[in-house]
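Listed here are the chains, written in short residue letters.
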Amino acid sequence: MTSPASTFFKAAKAPRAGRNGQQQVALEESVRWALRSYAPADVERMDDEAVLGLKATLGHGAEMHVWETRADYMPMATPAKKNVDLREKILWYLPVQQQNELRAALAADKRRFSTPALKLLEQAVGRMTRLLLVLRFGPAGVGRRRKYGPLDVTTIVTLATHALAILFSLALKKHLDAGGPLAGDQKFLAILDSRDLGELPSAVEDAVRREVSRLQELVDRGVWSDAVRDVERTHGTTAVAGEGQSLKEEEVPEPHLPLPDDYVSKMGVHCHWLIEQFAPSILSLAEEVKNLWDVTEDPFVTPGAVRQRRDSRVREVLAAATFKDLEGRPIRELPFCSLQAPWWPIRTFRDFIFGMRLVQMAHYFVVGLPMAGRKGELTTLTRDCIRYTEDGQPYATGRTWKLVERIAGASREYQLPDFSAYALEQQLRLVIAMEGIGSLEPRRINFVKTGNHLWAEMGTGKADCRKPLLHASYALQWFADALGMTKKPGGQGVRVHRFRKTIARLTALAMSDAPKVLMDVFGHKNIEMTLHYILTDKDLQSDIERVEREIRVAKARDAVMAILAQEEALDQSLFGGLGGPHAEVLAASLQDYRAERHRQGKDWDAETVEDFVQIQTLGGKSWVIVRPGVVCTKFPLTEAGPCNRSKGEPDPSRCQSHCCHRLEEPFLREDVNNSIQRCIDGFEKAKSTGDDLVQTSWVAQLKIHLPRFADLRDTWKAVPAVREMLAFDEGEEVSV
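Heads up: these notes are all about the structure in this document. Counting restarts for each chain, with residues numbered from 1 along the sequence as it is written. Given that this is a predicted model, residues contribute local features only at a pLDDT of at least 70 and side-chain atom pairs are listed and counted only at 80 or more, while totals for whole chains, interfaces and linings are drawn from all residues. Values shown for side chains rest on all heavy atoms present in the structure; no hydrogens or waters enter the calculation.

A cis amide bond links Trp344 with the next residue in sequence, Pro345, at an omega value of 0°. Phi is positive for Leu618, close to 55°, though the residue is something other than glycine. Counting through the fold element by element, Leu618 comes out in the loop between helix H24 (606-617) and strand E6 (624-627). Look at Trp623: it is not a glycine, yet its phi comes out positive at around 60°. Elements are defined by DSSP. Helices are runs of H or I of four residues or more, strands are runs of E of two residues or more, and each kind is numbered from the N terminus. Tracing the backbone through its elements, the reader meets Trp623 in the loop between H24 and E6.

Before going further, it helps to examine the environment of Gln677. Following the sequence through the fold, Gln677 ends up in helix H25 (residues 669-689). Burial here depends on accessible area, computed with a 1.4 Å probe over protein chains only, as a share of the maximum for the residue type. Under 20% is buried, over 50% is exposed, and the range in between is partly exposed. Gln677 gets classed as partly exposed once you look at its relative accessible area, which sits at 33%.

Time to look at the sheet that holds E6. Read across the sheet, three strands follow the order E6-E7-E8 without closing on themselves; strand pairing throughout is antiparallel. Every other strand in the sheet has two partners, leaving E6 and strand E8 (662-664) as the edge strands with one partner each. The sheet shows a mean angle of 35° between the axes of neighbouring strands, direction not considered. Pairing analysis gives three bridges linking E6 to strand E7 (residues 630-632), with the strands arranged antiparallel. When the sheet's bridge partners are listed, Ile625 is paired in E7 with Val631. Whether two strands pair comes down to DSSP finding at least two bridges between them. Only C-alpha atoms enter the line fits that serve as axes; for helices the fit covers just the stretch in contact. Angles between N-to-C directions range over 0 to 180 degrees.

Locating Glu211 in the fold gives a position in helix H12 (residues 202-220). Polar contact is the term for a pair of N or O atoms within 3.5 Å; when the atoms are in protein, one must be able to donate a hydrogen and the other to accept it, and sequence-neighboring residues count only if both atoms are side-chain atoms. Within the structure, the side chain of Glu211 is placed 2.8 Å from the side chain of Arg214, a separation counted as a polar contact. Contacts between residues were defined by any pair of non-hydrogen atoms, one from each residue, lying within 4.5 Å. Aside from chain neighbours lying at most four places away, what touches Glu211 is Leu159, Ala163 and Leu164.

Below you can see the structure in the form of structure tokens.
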């Protein structure tokens, strides 16, 4: 059946991506035209020519059996994933005998598909292509985040290479066993039932059943009609009688962990040195090597002879080169290696490439971390990505596909620290120079057209710097190893997505403890400059909030464990060394909770401690860190305090030492001791000069610090100088 828009689709060709973005705009216009012209329900009934036109318009190629994906749709994908041969994938999952028979028939038939078996194979490819198109722009989502939305290109490629290929292969096998191609509007997948799926291995069966459930959802939504028969719905009602169903153990994916603070700080220092001190020298040297390559290339000489000529000449250039820092001093040692690195000093072409790779990865780290981007978003950065606002604020433009419904993704802008902008500009020089250099031996066959990528694949073996860097996580692990640092900080390999978790954690920390780590990475002089560049990524905000809750719970857990440890060790300090009026309240609550557990005959263990902590913090919603070492334990919206005199969020600027919700950490004890001593010294000095007003001021400060820690209060009140100061205040007593 041909649609009225068939003529358009027969002529449609997917425009190629251009440097100026005009082709991208044309592509998006054609996609919008396609979506307005067709409903997803029409795809299953479209003729082949219209299907190919729609497929090409959406940027997935104009061949029925090959599911292409544009490079800018899936920048991190390998060539095999960018061009999925659906016919080969379906054949791959067939039994070996049927595979061999069909391959032999294909070779003999020269792809005319004249036999019944080959017609069935092409019908399988056609149905699968139509289904992929429905998934691409139809209401195919079944999860909470993307329900009724289209699937992204990465998910579709994964399904085409695995679960759906297996499903269509199973159906093809049964049709081959039955003999003959499908007649009329006969369904292709409807030949399968739940027993066919039960023969699959358990891991494969789970993946295939998920797609079978998705197919049934598409049928229910009226956009597809072909589905597996007699399959139980995964969202059906659980039987209340009969044998209990055994639940499969849930697979918990390994979460991406934030990079440790000391690791980020150390890596930041090394990156700064490489970019500021080392990079200017090696980039100047790269210009010389590039000129040398131009001079030594000779199309009338064999590549091997050119290689030998370049090798000898580049050794001469490198031997004469002097690496200097910004002050003009020769660089004799590497600050990040305890022993001299095998590639230093740079004397061979391999050493030179090693140094260039180090500089590129230093750029990648100081750009990728503040962007908090995913690896696909970092890869889409082009050589003209950097922009400046009227007031000189730098930002980078890229593309993202996460949580985006648009076929071609969406453009994103990332604010950058000045040092990251400097690294991007330096990286532009590096990638252009490396494209001109390439390898020692000229590559005159299999020429690769240069692109607009910013990060290049670099190495001395099969690496080709004219290609974009796809395996960034492996490159980061190589970088860490080259710097003499572990490739698995915190027990997990360095990878790009850990940048996002790190930024989330550092942001949460910066909101409370203002660590120096961010300044080490961004090259800022104060934390205010750094916080300006924390990205406003919506999905990153949930990570930040989660980390904040975890930090609050951790603070409460430490406080409770300190009280318990004091009880076991018979420590002289009250309440585990904690201070503030809430320390006594917390200790009393803990004692009551333990007594209640004992009354109920329940054990007191680590899990019980965790329950108590969760209750005290409302799951991390309370225990706000108002300043270093000071915690407000007020429950939001239910308790009031002197800082705001209402049931709202605490006001850190008005935190009072006598507030019943205030808790102080043990490390402040020394500060309190020193403050009390300063009050005494100031009072004595004012007393010697007869300055009553200054004496009163020192007494007021003493009364603020004295009750902060109960044991210190009792100790200092026994000191004659403190008693004198309190008596000076004409009968006003210190609150206890």
